[in-house]
Structure formats: structure tokens, C-alpha cells
Amino acid sequence: MNATAGKPQDRALPTHLLDLDTLAAKDILGLCDRAVQLRDTGSQAPAALQGMSVINLFFEGSTRTRSSFQLATERLGGRVLNFDVATSSTSKGETLLDTLKTLAAMSPDIFVVRHGTSGAANFVSQVLGEGFGIVNAGDGWHAHPTQGLADILTIREQLGDDWAQRRVVILGDILHSRTARSLVKGLSSLGTRDIRTVGPRTLQPARFEGVTMHSAVEDALPGADVVMALRLQRERMQRHSIPSQREYFELWGVTPERLDLAAPGAILMHPGPIGRGGDLASAAADGPASRIIEQVANGVAMRMAVLERIAGLLARQRKKGG
Ligand code: CP
């Protein structure tokens, strides 16, 4: 993907999407435009991935991301291999490095990588280098760029392009959220300055560039036009990060009453999977402000746009190389 000129991230290979800090505002908006075009083509999408293979290399569970990359690849005429970690030789102790070398020898074109360790996608990028497309599908707490892009597309479709005026609240387990980190990078590139986080102090990082941190929902929500709720990521938590589930929901759970504190017409988003009764009430998740299902639909369209772009760059690279 295009790198922003003059930044250290320039070193990112153009066919690798590891996080959103390598994309300029025009690249992000260009992908949004293309995602909408591709979504509108329905079954007539261009066969941009014809003759290409995508490996979904998922070492962590996923419903939305893996399924949407699979559908996106198939809609663009490509082939998908869903690497199943449970039945792979990873279960016999094969390392990530050896798994990569093995799969790379089978001449796929694009790797879509999810891993529980922050930095795993960068490691894959360094090991495989040029010649392959690499997309980070979520690594540890670090980054989830295609989720961030799908979320930006959803905000744009609901509220327009007035990014400097957006007031975005990210609520819940910020500390462990790769989605929050990528979304903040993308919004900051677009010019959004009023980004607030809210949640228990134990679930917020010590520092988070580009955001104002709050502990009380009542302080964070007034005036917000986007409320992004996050899941409690228990699998990444220390034992005592929250007092109890009941107290957490009482203090930070998303309810229709709390949403009323936000600006009129504010939208509720959540990258999923949602914790009904845990991080948000069903009445909020299924209520009129919710755009959670739109986010999922936009995830397929955005992944089509990303894969199409990488496939085009790979094809040009190969043509140049003879
Ligand atoms: N939002 C997201 O990454 O969901 P999955 O874990 O289901 O892919």
C-alpha cells in the first residue's frame, strides 16, 4: 500500500499492509471509494485475483475477519487456503518461521495473518519480504488495519467526510485493543482531533498519542457523534483488571440511556464479537443507533479493495521483474 512520504514507515513494502500509519489520508479515502464501488458491483466484481492464491494464516480465532477475507478473495476470482492451526503441524511444535517457509514454498500470492503476538505480522513481512502480499489481520494488542479501514468507511457513510469535526469516543478495554490503535491512527491521518477513550484506568494504556483519556462515561460521551464500544478481551487480561463483571457493566456498559448522553444522531459501533450484557446491552446493540451489522458488511467490501490493490501492485512488480 502507499507509504506516507518522509516518515520512517516509508520502509514498509507497498504490497504489505501492517498498520494504518503507512497510509496517507488520500489512500484511506481512495480505499473507501473503491470499497463502495466493489460492493455496488455485486456479483459482477472484477476478477482482480484470478490465478492468485490467498492464504488465511490465522493462529487465533476469528469469525468476521477470516470469513470476510475468504468471501472478498472469492468475489475477486481468487483461491483461498484457510490454514487451520488446530490440525496443522503447529500442534506438533512447528515454529512460525518454519510454517512460513513451508507455505511460501507452495507459491501463494498473498498471506493474511492473524496472530496473538504483537509484531507477528511485521515478522512475517520481514521473513517473506518482497514478492508476496502481506495483510495484518490482527496481531496481539498492536494493529488491525482492515478493521480500522472498515470502521472509517462505516463512519464516512453514516456521517460524511467532515473528519476535523468528528467527535469519536472509544469505550471499554482500550489497553488490549488493536482495533482502537489502528482506528486512532487512521482517524488522526484524516484530521480528527477529538478522539476520547473511556474505561477503567486498568484497561487504558499509560499513554495513547492522539486521544484524551477519561474514566467516567458521563465525562466522555457528551457531544460524541461516534461511540465505538469494545469487547473485554479476557484472554489478554491480568486477573484483576476489572472489579467484577457486574460492576464493570454498571460503570461502563453501553445502554440506551448512556447513548442518550452523546450528540443527537450519534452512531454506535463495535468491531465484534460483542459481549451482550457484558460490554453492551442488547437494547443498545440492536437499537436504532447501532451500525454494527453495517461494519461487518463494510468489512467484506474493504477487504476486497485492499486485496485488489495488493494484487495490482504484485502484478506490476512481477511484470517489471520480467
Ligand atoms: N473484529 C474482528 O476482528 O472480529 P473477529 O475476531 O471475529 O475476526
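Here the structure is a predicted model, which means the values were calculated and not measured. Here, residues in each chain are numbered from 1, in the same order as that chain's written sequence. This being a predicted model, a pLDDT of at least 70 is required before a residue's local features are given, and a value of 80 or more before pairs of side-chain atoms are given or counted; all residues contribute to the totals for chains, interfaces and linings. Heavy atoms throughout the structure, all of them, feed into the side-chain values; hydrogens and water do not.

A. Quick look at the packing of aromatic side chains. Each Phe, Tyr or Trp ring, with Trp reduced to its six-membered ring, pairs with another whose centre is within 6.5 Å; inter-plane angles below 30 degrees give stacked pairs, above 60 give edge-to-face pairs, and intermediate values give tilted ones. Applying the stated criterion to the full structure yields three aromatic pairs. Plain terms: the ring middles of Phe111 and Phe132 are 5.6 Å apart, the flat faces sit at 70° to each other, and that makes the pair edge-to-face. Separated by 21 residues along the polypeptide, Phe111 in strand β4 (residues 110-115) and Phe132 in the loop between α4 (120-128) and β5 (133-139) bring together distant segments of the chain. Accessibility classification places Phe111 together with Phe132 in one group, the buried group. A run of DSSP states H or I qualifies as a helix once it reaches four residues; a run of E qualifies as a strand once it reaches two. Both are numbered from the N-terminal end. Exposure classes here rest on a 1.4 Å probe applied to the protein chains alone. A residue is buried below 20% of its type maximum, exposed above 50%, and partly exposed in between.

B. Geometry of the pairing of strand β2 (residues 53-58). Within β2, six of the six residues are buried, which leaves it mostly tucked inside the rest of the structure. Across the two faces of β2 the burial is the same, with Ser53, Ile55 and Leu57 and Val54, Asn56 and Phe58 all buried. In the classification by handedness, the crossover that spans β2, the intervening helix α2 (residues 64-75) and the parallel strand β3 (residues 79-84) is right-handed. Note on pairing: two strands pair once DSSP finds at least 2 bridges between them. Pairing analysis gives five bridges linking β2 to β4, with the strands arranged parallel. Counted as the bridge partner of Phe58 is Arg114 from β4. A crossover gets the label right-handed when its path from the first strand over the helix to the second runs clockwise, viewed with the strands pointing away from the viewer.

C. Local environment of the site of the ligand. Proximity is defined per residue: any heavy atom of the residue falling within 4 Å of a molecule or strand makes that residue near it. Around the ligand, the structure places Ser62, Thr63, Arg64, Thr65, Arg114, His144, Gln147, Pro271 and Gly272. N or O atoms closer than or at 3.5 Å make up a polar contact, with two conditions inside protein: a donor-capable atom paired with an acceptor-capable one, and, for residues adjacent in sequence, both atoms drawn from side chains. Measuring from an oxygen atom of the ligand, one finds a side-chain N or O atom of His144 at 2.9 Å. For the area figures, the Shrake-Rupley method with a 1.4 Å probe applies, and any residue is considered shielded solely by the protein chains shown. Notes on the ligand: free accessible area 250 Å², of which the protein chains cover 91%.

D. Here's a closer look at the packing of helix α3 (residues 96-104) against α4. Working convention: axes come from line fits to C-alpha atoms, limited for helices to the stretch in contact. Angles between N-to-C directions cover 0 to 180 degrees. Remark: α3 packs on α4, axes separated minimally by 11 Å, with the N-to-C direction vectors making an angle of 50°. Considered as vectors, α3 and α4 are oriented oblique to each other. Helix-helix and strand crossings are classified by hand; for α3 and α4 the assignment is right-handed. Side by side, α3 and α4 meet where Leu96, Leu97, Leu100 and Ala104 of the first sit next to Phe123, Val124, Val127 and Leu128 of the second. With respect to orientation, any angle under 35 degrees is reported as roughly parallel, any angle over 145 as roughly antiparallel, any angle of 65 to 115 as roughly perpendicular, and every other angle as oblique. Crossing handedness follows the turn of the near helix against the far one: under a right angle anticlockwise gives a left-handed crossing, and clockwise gives a right-handed one. Residues count as neighbours in contact if any of their non-hydrogen atoms are within 4.5 Å of one another.

E. Here's a closer look at the sheet that holds β3. Strand order in the open sheet formed by five strands is β1-β5-β4-β2-β3, with parallel pairing between adjacent strands. With partners counted over all chains shown, the strands left at the sheet margins are β1 (16-17) and β3, one partner each. Pairing geometry for β2 and β3, over six bridges, is parallel. Its bridge partner being in β3, Asn56 is matched across the sheet by Asn82. With respect to the sheet, α2 is in contact with β2, β3, β4 and β5, its orientation differing from that of β3 by roughly 160°. The sheet contacts of α3 involve β2, β3 and β4, and relative to β2 the element is tilted by about 165°.

F. Structural context of the packing of helix α5 (residues 145-159) against helix α11 (residues 292-320). At a closest axis distance of 8 Å, the pairing of α5 and α11 adopts a crossing angle of 120°. Classified by the angle between their axes, α5 and α11 sit oblique to one another. Every pair of crossing elements has a handedness; the one defined by α5 and α11 is right-handed. Only Glu294, Gln295, Asn298, Gly299, Met302, Arg303 and Val306 of α11 make contact with α5, whose side of the interface consists of Thr146, Gln147, Leu149, Ala150, Asp151, Leu153, Thr154, Glu157 and Gln158. The classification used treats Ala, Val, Leu, Ile, Met, Phe, Trp, Tyr, Cys and Pro as nonpolar, Asp, Glu, Lys and Arg as charged, and all other residues, Gly among them, as polar. Counted by class, the contact of α5 with α11 contains five nonpolar, seven polar and four charged residues.

Remember that the coordinates give geometry; whether it matters functionally is a separate question.
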